[in-house]
Structures are given as structure tokens and as C-alpha cells.
Amino acid sequence: MRQSKRSIAAFLCAALVAAACGCGKEAGGGSGFSETPKGRYVETQEVLPEQLNDWTIRQLFTVEDKVRLLTTKQEGDKTILREWEKQGDGYADVTQKWLSDVWLHCGSWLEVQLMSTEDGMQYLFAGYVADGEEDYKGHLWRGKGEEGKEITPEKWSKQNEEWGGYEYVRTVVALDNGTVVTSSFTSVDTFYGEDGSLLNSSQFNPDYGETILSDGKNVYITLMNASGNVSGIEKWIDGKADGAVAIPYSESSANAFFCALGDGTLISAGSDGIFRCQTGSTDWEKLIDGVETDFGLTGCWCTGITALSDGCIFVLFEESGGTKKINKYEYDPEAVIEIKETLKLYTVHESYLLNQAAALYHRKHPEVLITIQSVYPRYYYEETDYNAVYQELNTMLMGDDAPDILVMDHLNMDSYAAKGLLADINDVVGELEESGKLLSNITGSYVREDGARYVVPLQFGFQLAVGRDISPENMSTIKELARFLDGKEYSYLGALTVGELVDKFYPYICDRIIHEKQLDKEVMGEYLEYLKIIADNCGIIDRRDKEERGFNMWDLPDQAKLAFEEADGFKGCMFPIAINDYVNGVYTAFESSFIPSVQVGVCTKSKYVDTAKDFLRFALSEEIQDTDYYSGFPVNLTSLEKQSIEDRSEAEAETAIQVDGGYETFTIKQYPKETADELMALCKTLDRPMKEDEKIREVLTESLVGYFNGTQSKEDTIQKIEGGLKMYLAE
């Protein structure tokens, strides 16, 4: 049985704390009770002085073991820079004259970094699109005291002959030996700090991550694995690639941030927690769990990290809306670890909503810790191995390591409920429905005939059908779409393979064609006729070439006249709505069905069923449901209404779209309130969850080939489907 890295890290952390604190002393009188262990890292938020209110904090770093900030401010058409040092409870302006003389003529997109070496020399990197120019370009300055000069490397000023544009510099570090090391998407370069001349260039390793850091003498480059997680760090001694030393890194966070102290000690921080690797070691010591920090919050992301020799760690966070704050992490010998209940939450794929709920629930109930075991990260693009998932989960459920809370997405929840492994949660969900707090058209679909309810979704989406030269009514259901496409010569959806057509439509009929563990031949026959009409209009192809794909939403402005896109929240709808507006199209929710996600149940084997239910109640509250996680609409009614009127300008984007063989600029902007109201109204009409069944999908795909190509009658096709499902349905 596999164990999650997160669980292993938590176990090791507990072991380290126990070793450091011992077993505790007995209370007076020989009662046998032990004192609660003391001593732990704690998080506090720094108070920023009012003098920084008009400045944008761009960088958090350390100089001579003191915390510094680099800030910018717009003055007319110029961007000016200032450097601040933390002194006592405030920050003092320590900007050298050469830096205050640097004025940048740039727009809002600015990447800037200030570095210092042990001799007091400073280097400034700034990447931006200069006023009057079209391409992003990196610039480099060197200065000390009153004297400074630009030393931008010549390599950065030459446009790429293949794709145009300048070298995109991702990371810059300055070494005490007078060199500057940079990384781009193509190389890791070393420049002479005096004039920016190129000293050495190494081809960029595809395993390298975006992060390069330095302790002043050595360079550290993060290594990434196939899943996009940091798998290790490559240490270049004295900044040289030859003889590099590997430092393993086993935490699972894809969003880990790193910094290096002057003695070579490394600090990493992310949703798994904050870790320290002492110089000369390859072991990472966990200082504080991610759930105890703002790294565990979805609406808060790290933009910088630094550390001092006394063990204090400082992190710069940005919150939704652009607000920035600085948190301090410091060991407090009197702080008490007071966890009394630890609940395990098992989910196949990581969820930002669950991460947020676990972190905030722990803050409200410090004595309870919800540990999340995610089999795969949220953005896992390979095919999920559900056989391995079932094997692992079933082994856990049969033993003493059963989860307390289960996320049943893509799992057979009926089977687990029938085996008595899921607790009835109707006492929690039913109460919230009766008070009008939930979208009962979504959550009510999970009530069984006996009144019990074992699972509830925390989010949902739906297939948004967008079309042109078609009405919303004509693309609202499989039946209406078939009627409309019957006899049409133009292929609205474009050519599809049998498997692609089945994938597109079978989730809507999966539960309709099965009745009392038998195939309903009449209903199956009706849907076969509809699917045949749709298939004839599409044009069925045997297979696709490796690089070929079917039509999707991007093809609506060009060849397609109908496309489906999962509507997974108000921000997630910005793209399909923008396409719809571009083609002057129409849209609707297909089949009035919803796509449930984060379907949560409580395991009957849990020792903490009441706590698990209370956590579920919290996950359904506005405090958690108010946030748009880009992964679904909230099932909390008030949260749905709040999200509908949110400002979504920060999610706007610009790209290119193909039209008539060429490309045009395509802008994705936030839509008006009227559109948000229409989407919210659609959410309230959805009344059937889409179903998945891999066996039904497999049998339909195999059985429909002959029917679609005309070599097999409808009756023979029904018989073939019935035969393929007979043993499966009898189980």
C-alpha cells in the first residue's frame, strides 16, 4: 500500500517534535498525566508602516542578515524604485543614490529584482515592455553609492530569429565573485558583473524548474519531475555546473518556494509546510505544517521568501484583489501543540476548496487537524489509474487506516454506500436545504428512496452548449439536437470518432438506459436513433492522426457551429462567453444536467464522525463557498449570488484565435451582470447529475461502430449492447 508524502511528512514532523520535547513531566502527585509539549514555529503577520501605503512591494530579500524590501511607485510616466530595511518595528529608506536615479518607462507588467554582494555592490534586474515597444525585454544595472550604470548583456538585446522577441530571463542571482548567473528557457548563463559580458553558457536542462537561488557563493537550481513537482535541487559549487551536487527533495508541492542563507542553509515553503535543510545535509526538517500557515489558503499566494540566521523566516504574500502582506515564522518555545483529533481526508485529485476548508477549519478549531491525502495533484494531465486507486482505498477501508472523510468523484459511491462504509449525512445537508442555504436542485439529487443521503457535492458545473445558426432550444437536449441536425448538410460538430461521440453524449443517458439492473431496450432504441442522426451529421471517422483533434470551442469562429465547454464557475465561463459574443451566438445548459465535483462522504469507520460532519457543514458554508476556485459553481445559494456580482477583471486575458486560415487578436473580458444573472438562472434549473460508468462507455463504443456505418441494424445493436452488459449488470 502506498502512503502519501504528506502523511509521511506529518508523521516525521510528529516524531521530531516528540524527540525534541521528550515525553513530558508527570504532574504533581504522581497522577501519570504528561505536560503538553511546548515549542513550535508560529505564524504572525507583520505590521507595515503607513509610509509604504503608496508603494508597491516588489521583492522581499535579505542584506547582511537584515530584511529588505524593494518597492516601486508610478510618478507620471515613470516608475521609480526605493529600498527599505526593517529596523525595529518599522522600515527605513536605505535607497542608494544610483538606484533612486533609475527611472523605468514601462507599463504595469514589470518584473524587478535587486541583489547585493558581500562587497556592497548592487545589481538591479528589470524586465518589462518599454513605452513605444512591443516586446518584453530584460535590463541589468550595476551600482554602488552614487555611481551606477546599465550593463544589460548583449545577448538580451538580440531578437530570436525563429520566434521573434528577446531572451526571456526567468531568474537572476549575483555572486560574491563578481559574476551574475541567469536562466532563460534555453540556457543558464554566467555574465561578468563589471560590464555584462558573457563568460559561460550552458544549455538549459528540461528538468530545471523556474527557480535559481544563491547563498552568495553557490548556485541552486530546482529540478522538476514529470508531474511538475520539485524533485530535487542541483547545487553548483562556486556557481559552476561541473561537479554539481544533488540535494533530494521529497515534498509534493508543485508551488514550493525557496531561499538560501549565507551559510548554505536552504528553506522551502509551500502548501505542505515550511522546511529547512541545513548546510552540508540532504535531510529536510519540517518546521511548520502548511495548514498552520497562509500557504494553506487558496486566496493567498507567495511572491517572495527570505530567512535570517536566527531562524526567523519572512514571506511576502499577495491576496485576492492585490493586497500584499508579510508574515513572520518564528520558533516560540512556549507555544503549545494542542491537536486532539486528526482526521484523514482521502481524495483522488487535489482540490483548492478542500485545502482552504481544512486550513480554515483548523484555525477555528485548533484542536482538530484535517490532513488531506491527494493521490494526484490538481493539474494532473496523465490518465488516472483508478484500478490502483480502488486497490489502495479498499485496503485502507479494510484495515485500521481508513479515512474519516472521502471524496467520491469518479468512484462508485453506490457500492461503498451499499457496503455500509458511508454514513448518512442527511442530518447535516437536509437542515441546510430546509433553511434555504443550499441549491436543493443540486444537493437534493443525492437523497435515496429511503430518505438517506451518503454524499453531497461541494461544487458543480455543467456543459455549456454554444452555437451559431442554431437556437438554444435546438441544442438543449440530445433529442432536440438530433431533430435539428436531421437532414442538415453542414457538419455542426465536425468529424468525430465513435469513441469521441460516445464520450460526448453517454453521460446524459447512462442512468436512463438502465432500469432495475437491466438494459431498457425501448429507451436504448430511442437514443440510438438520435445518436445515429447526430453521427451522420458529424461524419464518423475511424481514427485520428497523432497531432489531430476534433472541433472544440476554439473552432467556433472558424469551422464549427456548435461546441461544448464545461462551465466550471463564473470566472471559468469567461472564455466560452467571450467566444459566444465573438460569433454572435447563443448558449444553454445541455440536458439540464450538472457535473458534480468534490462529492464528500463520511466514513462509518471513523472515530470522529461528528467532527467529520461538522467539517462538512463548514465546507458548505459561505466562508468556504464564497471563493471562486476556478473549479465549479458553489452549492451554497448565497455564495452563488455573491460570486455572480464579483469583479472578474483580474481574470481577463488576451490571446489569438484562428479565423479563415489566419489569426486575429481575441480578448477574454469579464461579462456584464445580465450575463452573470443568466448563468445563475441556468444553475438553478439543473436537476440531474451526469453519470459515469466505464463499462457502459466501453460497451457502447464497441457496439455502435457497425450501427453508425450501416452494417448493423438497430435491433442487432441493442442485442449486442445487452449482451455486453448482462454479466456486469447482474453483479
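Below is a short write-up of the structure. The structure displayed is predicted, hence computed values, not measured ones.

**Describing the packing of aromatic side chains**
Scanning the model with the defined rule gives 29 aromatic pairs in all. Ring geometry for Phe258 versus Trp284: centroids 6.2 Å apart, planes at 70°, classification edge-to-face. Here Trp284 lies in the loop between strand E21 (273-277) and strand E22 (285-289) and Phe258 lies in strand E19 (residues 257-260), a separation of 26 residues in the sequence. Taking relative accessible area as the criterion, Phe258 reaches 9% and is therefore assigned buried. With a centroid separation of 4.9 Å and an interplanar angle of 85°, the aromatic rings of Tyr508 and Phe590 are classed as edge-to-face. On the criterion of sequence distance, the pair formed by Tyr508 in helix H9 (residues 498-509) and Phe590 in the loop between strand E33 (586-589) and strand E34 (593-602) is long-range, its members being 82 residues apart. No difference in accessibility class separates Tyr508 from Phe590, as the two residues are buried. Clustering of aromatic rings is evident, with ring pairs tying together Phe460, Phe462, Phe570, Phe594 and Phe633. The residue whose ring lies beneath Lys488 is Phe484, and the NZ or CZ to ring-centre distance is 4.2 Å. The ring of Tyr490 has Lys561 lying over it, and the distance from NZ or CZ to the ring centre is 4.5 Å.

**Here's the deal with the packing of helix H10 (residues 521-538) against helix H16 (residues 694-709)**
Where H10 contacts H16, the axes come no closer than 11 Å and their chain directions differ by 65°. Once H10 is placed against H16, the crossing between them reads as right-handed. Across the interface between the two elements, Met524, Leu528, Glu529, Leu531, Lys532, Ala535 and Asp536 of H10 pack against Leu700, Leu704, Tyr707 and Phe708 of H16. Of the residues belonging to the contact of H10 with H16, the class tally is 8 nonpolar, no polar and 3 charged.

Rules behind the numbers
Residues numbered from 1 in each chain as written. Predicted model: local features only at pLDDT ≥ 70, side-chain atom pairs only at ≥ 80, totals over all residues. Heavy atoms only, no water. Phe/Tyr/Trp six-rings, centres within 6.5 Å; stacked < 30°, edge-to-face > 60°. Helix = DSSP H or I, 4+ residues; strand = E, 2+ residues; numbered from the N terminus. Buried < 20%, exposed > 50% of the residue type's maximum accessible area, 1.4 Å probe, protein only. Lys NZ or Arg CZ within 6 Å of the ring centre and 35° of its normal. Axes fitted to C-alpha atoms, helices over the stretch in contact; angles between N-to-C directions. Left-handed = near helix turned anticlockwise from the far one by under 90°. Contact = heavy atoms within 4.5 Å. Nonpolar A, V, L, I, M, F, W, Y, C, P; charged D, E, K, R; others polar.

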